[in-house]
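Geometric and topological summary
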Amino acid sequence: MSKKIIAGNWKQNGTLKSSISLTKKVLQAVKKKKYTHEIIIIPPSIFLLPIKDLIHKSQIKLGAQNVSAFNDGAYTGEISGSMLKDSGVDYCLVGHSERRHIIKEDESDFSSKVSRLIDNDIKVIYCFGETLNDYKNKKTKLIIKRQLKKLFFNNKNSLKKHPSKLILAYEPVWAIGTGLIPSPEELVSTFKYIKNTVNKFDKKYASIQILYGGSVTPDNASSLMDTEHIDGLLIGGASLIAKKFIDICSTI
Ligand code: 13P
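The present account deals with the structure reproduced in this document. (Residues numbered from 1 in each chain as written. Predicted model: local features only at pLDDT ≥ 70, side-chain atom pairs only at ≥ 80, totals over all residues. Heavy atoms only, no water.)

As a further point, take the site of the ligand. Surrounding the ligand, one finds 13 residues, the nearest of these being K11, H96, G177, S215 and G237. For the ligand, an oxygen atom lies 2.8 Å from a polar atom in the side chain of K11. Here an oxygen atom of the ligand and a side-chain polar atom of E171 are 2.9 Å apart. In isolation the ligand has 310 Å² of accessible area, and contact with the protein removes 94% of it. Residues of the shell around the ligand, tallied by class, amount to 4 nonpolar, 7 polar and 2 charged. (Near = heavy atom within 4 Å. Polar contact = N/O pair within 3.5 Å; in protein donor to acceptor, adjacent residues only side chain to side chain. Areas by Shrake-Rupley, 256 points an atom, 1.4 Å probe, with all protein chains shown as cover. Nonpolar A, V, L, I, M, F, W, Y, C, P; charged D, E, K, R; others polar.)

Further remarks concern unusual backbone geometry. The phi angle at K104 is positive, at roughly 65°, despite the residue not being glycine. Checked against the element boundaries, K104 lands in the loop between α4 (97-101) and α5 (107-119). Despite not being glycine, D121 has its phi angle at roughly 60°, a positive value. Inspection of the secondary structure puts D121 in the loop between α5 and β5 (123-128). Of the residues examined, D121 reaches a relative accessible area of 41% and is grouped as partly exposed. (Helix = DSSP H or I, 4+ residues; strand = E, 2+ residues; numbered from the N terminus. Buried < 20%, exposed > 50% of the residue type's maximum accessible area, 1.4 Å probe, protein only.)

Before going further, it helps to examine the environment of D226. Among the structural elements, D226 can be located in the loop between α10 (221-225) and β8 (232-235). Assessed through its relative accessible area of 66%, D226 is described here as exposed. Placed 216 residues apart in sequence, D226 and W10 show a C-alpha to C-alpha distance of 24 Å.

Next up on the list: the layout of surface pockets. If you add up the space inside the largest pocket, you get close to 530 Å³. Lining the largest pocket are 22 residues, with K11, Q12, Q65, N66 and R99 sitting closest to its centre. Contributing elements (two or more residues each) for the lining of the largest pocket: β4 (91-94) and α4. Classifying every residue of the lining of the largest pocket gives 8 nonpolar, 10 polar and 4 charged. (1 Å grid on protein atoms, 1.4 Å probe; cavity = no way out; pocket = protein on both sides within 12 Å on 5 of 7 lines; lining within 4 Å. Points joined across faces, edges and corners; volume = space filled by probe spheres on them.)

In the structure shown here, the tally under the stated rule is 9 salt bridges. Salt-bridge contacts for E105 lead to R99; the nearest nitrogen and oxygen are separated by 3.1 Å. Under the relative-accessibility criterion, E105 is labelled buried at 12%. Sharing partners across several salt bridges, the network here consists of K85, D121 and K165. (Salt bridge = Lys/Arg side-chain N within 4 Å of Asp/Glu carboxyl O.)

Here's what the structure looks like:
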């Protein structure tokens, strides 16, 4: 069985100095406690290399927040999958709500990115979830199905060959950075729905892990993790504060 996952998405925050200090604190905690789950930190791309040097040979894995949709070539400002691999990146986010709604990326961007990552043997953490409007209009499951259908249809060949290269992260847009989270009943029902939907696409997908993200704190982490089919947490704000992130890692 795969390990549970705790991932910290630092987004576009911090300085080199604060990122190194945060990493060192997490590293210290990991060395002391030897967690049985997978711990992933996802810093801004410019800090990936110095952080890789710090966590080298430790239990902490490195994630990137973004990848180019293209292979190496004339794409000014982009960072390719092979460059991420070369820099020691193990995981990469795709489809995060901030990239969907602020940067205006779409499913065709995501599908190219998923391919580039799988080609370079980097695990994809694919984020999806409904907006507040969708939630209020009781369209959560409809939106989830639509987003998952596009992911699994557009990347059918590579995902069928490498299902273990995909991790799903359900992040309701209205729960990100707001302090709001779905009720326990909603979480049970939504995660069951995600699991069933994915299994219906193909039996090969049965072991794909599903994370929850959106306003995770040390106070709600353990009850979230107790929810059936939640295999881990994708943490934003709380992952920027060493004590909070370590507390979350320690409570599960
Ligand atoms: P918060 O934990 O700050 O709500 O962010 C969640 C998130 O977007 C992780 O990718």
